Structures are given as structure tokens and as C-alpha cells.
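Summary of structural features
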Amino acid sequence: MRAPRCDVTESGKRKAESGERPVGAARLVKEEIFRSLLWSYLHVLPAGALVTAADDAPRFRVDVTVPFGVLDDERRAGLVREATDLVLAAAGLGPDQALRVWVLIHEQPDGTWGAGGKIMRYTEVAGLSTD
């Protein structure tokens, strides 16, 4: 998540920095092995790094990168909903401010995901599952 420095509450920062499991997305992912690959980062922007033509209200962007095919429409919608709710809670904002949160899901085509110094194909990663 990217957020302006002053727009995440202290309890929200502590929660993000505590190592708490990333977004409730773990239950949205089909294969168990992909749950272990869910990471989250909080990028706090310096004051003044985010400006809009409209106003000075806070804006937040959550970038999610997953292998193509991991999320269906229902899981994508759930991920967006839960990420938005978590960001609003961390910023101390109500649901009426949800349009200030953008969730961008980047689905990596097969053959473009690398780990351990090599390309990891969807079938290889899914094959690691012990389910």
C-alpha cells in the first residue's frame, strides 16, 4: 500500500508493521501454496509527494501482483473489498471515503513470474502444493 505519511493512523501503522498476515486475501486464493506467497508492504510517502487537482484529501493505492489465473472474478472482487476496508480502517476513514482507495490487481502472464533465480510457471508453483 502507498499512503501519504500523515494519513495512516498510528494504530494502522503498527498493524501494518507488525507482520500481520496480508489482507484477508489468503482465503480468497484457490491453491494453498499461493497463500505462502502473499506479501504486503507499506510505502509511506513523504508529505507533499501526493497531490491532486481536486483537493488535499488523502488517497491510497494498493498494488496486488498475482500469477494470471489465480483469482477469478469473485475472488478479485473480494480482494478489492477487503483491501479497501483495511486501508480505510488503517487511515481512520469511514466507508463513505472508499473512492479514495484504489486497488490495482496486476496479473502476471505465465512465464513472467520469477523466484529463486528462475522462471516459475503457474503449474510449477501450484505443483508445490501439498493439499
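Residues numbered from 1 in each chain as written. Predicted model: local features only at pLDDT ≥ 70, side-chain atom pairs only at ≥ 80, totals over all residues. Heavy atoms only, no water.

1. Some words on the overall build of the protein
Across its full length, the protein carries four helices and six strands. Taking the intrachain contacts of the protein between residues at least 6 apart in sequence as the baseline, contacts between residues at least 24 apart amount to 77%. Entry remark: accessible area of the protein is about 8,500 Å², with carbon and sulfur atoms responsible for 55%. (Helix = DSSP H or I, 4+ residues; strand = E, 2+ residues; numbered from the N terminus. Contact = heavy atoms within 4.5 Å. Areas by Shrake-Rupley, 256 points an atom, 1.4 Å probe, with all protein chains shown as cover.)

2. Comments concerning helix 3 (residues 73–91)
A rise of 1.5 Å per residue sets the reference length of helix 3, with its 19 residues, at 27 Å; its end C-alpha atoms lie 27 Å apart and thus fit the reference within 8%. Turning to helix 3, its buried residues number three or more, namely Gly78, Leu79, Glu82, Ala83, Thr84, Val87, Leu88, Ala90 and Ala91. By the N-cap criterion, in which a side-chain oxygen at the helix start approaches the backbone nitrogen of a residue two or three places on, helix 3 is capped by aspartate 72, the distance to glutamate 74 being 3.2 Å. (Expected span 1.5 Å × (residues − 1). Buried < 20%, exposed > 50% of the residue type's maximum accessible area, 1.4 Å probe, protein only. Polar contact = N/O pair within 3.5 Å; in protein donor to acceptor, adjacent residues only side chain to side chain.)

3. Some details on the nonpolar core
Within the largest apolar cluster, 13 residues are counted, with the highest numbers of intra-cluster contacts made by Phe60, Val62, Val64, Leu71, Val87, Val101 and Val103. In terms of residue count, the dominant contributor to this core is helix 3 (five residues). (Core = buried A, V, L, I, M, F, W, Y, C linked by side-chain atoms within 4.5 Å.)

4. Description of the environment of proline 67
Relative to the helices and strands, proline 67 is located in strand 3 (residues 60–67). Expressed as a C-alpha distance, the spacing of proline 67 and aspartate 110, which sit 43 residues apart in the sequence, is 6.8 Å.

5. Digging into the side chain of arginine 100
Residue position: arginine 100 is located in the loop between helix 3 and strand 4 (101–108). Separated by 2.5 Å, the side chains of arginine 100 and glutamine 97 make a polar contact. Ignoring any residue separated from it by four or fewer positions in sequence, one finds arginine 100 in contact with Asp55, Ala57, Pro58, Arg59 and Phe60.

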